[in-house]
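Examination of the molecular architecture
One letter stands for each residue in the lines below.
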Amino acid sequence: MARMRMIALFDLSAKHHAIPLGTGNKTERLFGYFTWHADDSPPINPLGDLFKTQVWALARHLGVPDIIIGKPASADLIKGQTDEGDLGISYAKADRILNALLAGYSPSDLVLLGFDAIEVEIVRRRLDSTHWKRRLPTVAMLSPTAIGESYLRPVDY
C-alpha cells in the first residue's frame, strides 16, 4: 500500500511539474518504521530531522486541529493498528530514549538515569536492527567507482 501511494504521488508530481515532499520523521527513520522505497522515496523531506513528538509540537504551533494531532499514529493498513502498539512503546518515551542514545549515552547510562530498562532495550534493539534500512542498497563492486560503495559514501547515523 505504501509503495502504491508513492507511485501515485510521483505520478501526480510529474503531472503538475512538482517535487514530492516526504513526511517521515527522525523517530520513524531510526526505528525503520517505514516502507523501503516508498515512504522514504521523496527527494525532499522537511520533517526528516524532527522526532515524532517534535512534529506534533510543530503541528500544534502551526494550528493544526487537535483532531488530527490527537489521532493515534497509524499506517492504517489494518483496522485498529497503531504505530505505538506495533513498536511496544509510546513515541514520547521512545523519543527521549532515542535522543539520549544519539547524544552518546549508553543503555546502561540511561537505566542509571531512571529510564525503564525494558523500554531502553526495545529502543536499542529496534535502532540496531533497522540500520540497513537507512542505507542505499548494496551494489556489487565491479569497478573502482561503484556508486554507493566507493564513489559516493552515504552517511548514516
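Procedures and definitions
Residues numbered from 1 in each chain as written. Predicted model: local features only at pLDDT ≥ 70, side-chain atom pairs only at ≥ 80, totals over all residues. Heavy atoms only, no water. Axes fitted to C-alpha atoms, helices over the stretch in contact; angles between N-to-C directions. Helix = DSSP H or I, 4+ residues; strand = E, 2+ residues; numbered from the N terminus. Parallel < 35°, antiparallel > 145°, perpendicular 65-115°, else oblique. Contact = heavy atoms within 4.5 Å. Nonpolar A, V, L, I, M, F, W, Y, C, P; charged D, E, K, R; others polar. Phe/Tyr/Trp six-rings, centres within 6.5 Å; stacked < 30°, edge-to-face > 60°. Lys NZ or Arg CZ within 6 Å of the ring centre and 35° of its normal. Core = buried A, V, L, I, M, F, W, Y, C linked by side-chain atoms within 4.5 Å. Buried < 20%, exposed > 50% of the residue type's maximum accessible area, 1.4 Å probe, protein only. Patch = residues over 30% accessible without salt bridge, like charges linked within 9 Å, V, L, I, M, F, W, Y side chains within 5 Å. Areas by Shrake-Rupley, 256 points an atom, 1.4 Å probe, with all protein chains shown as cover. Salt bridge = Lys/Arg side-chain N within 4 Å of Asp/Glu carboxyl O.

**Side note on the packing of helix H3 (residues 52-62) against helix H6 (residues 91-102)**
- Their axes nearest at 8 Å, the elements H3 and H6 cross at an angle of 120 degrees. Classed by the angle they form, the pair H3 and H6 counts as oblique. Of H6, the residues touching H3 (which contributes Lys52, Thr53 and Trp56) are Tyr91, Ala92 and Asp95.
- Across the contact of H3 with H6, the residue classes tally to three nonpolar, one polar and two charged.

**Let's talk about the packing of aromatic side chains**
- Under the definition given, this model contains two aromatic pairs.
- Summarising the aromatic geometry, the rings of tryptophan 56 and tyrosine 91 are spaced 5.8 Å apart at their centres and angled 85 degrees between planes, so their arrangement reads as edge-to-face. Taken together, the positions of tryptophan 56 in helix H3 and tyrosine 91 in helix H6 put the pair 35 residues apart, joining distant regions of the chain.
- Between lysine 26 and the ring centre of phenylalanine 51, over which it is positioned, the NZ or CZ distance is 4.8 Å.
- One cation-aromatic arrangement involves arginine 29 over phenylalanine 34; the distance from NZ or CZ to the ring centre is 4.6 Å.

**Quick notes on the nonpolar core**
- Formed by 19 residues in total, the largest nonpolar core has its most connected members in Phe31, Ile89, Ile97, Leu98, Leu110 and Val123.
- Where this core is concerned, the elements lending two or more residues are helix H2 (26-31), H6 and helix H8 (117-129).
- With six residues, H6 is the largest single contributor of residues to this core.
- With near-sequence residues (within four places) excluded, valine 123 lies in contact with Phe31, Ile89, Ala94, Ile97, Leu98 and Leu101.

**Examining a nonpolar patch on the surface**
- A surface patch of nonpolar side chains, amounting to about 370 Å² of accessible area, comprises Met1, Leu77 and Ile78.
- For leucine 77, the position within the fold is in the loop between helix H4 (66-69) and helix H5 (83-87).

**Some details on the environment of glutamate 119**
- On the secondary structure map, glutamate 119 appears in helix H8.
- Here glutamate 119 falls in the buried class, since its relative accessible area comes to 18%.
- Put simply, glutamate 119 and alanine 94 are 25 residues apart on the chain and 7.7 Å apart in space, counted from C-alpha to C-alpha.
- Among residues more than four places away in sequence, those in contact with glutamate 119 are Ile89, Lys93 and Ile97.

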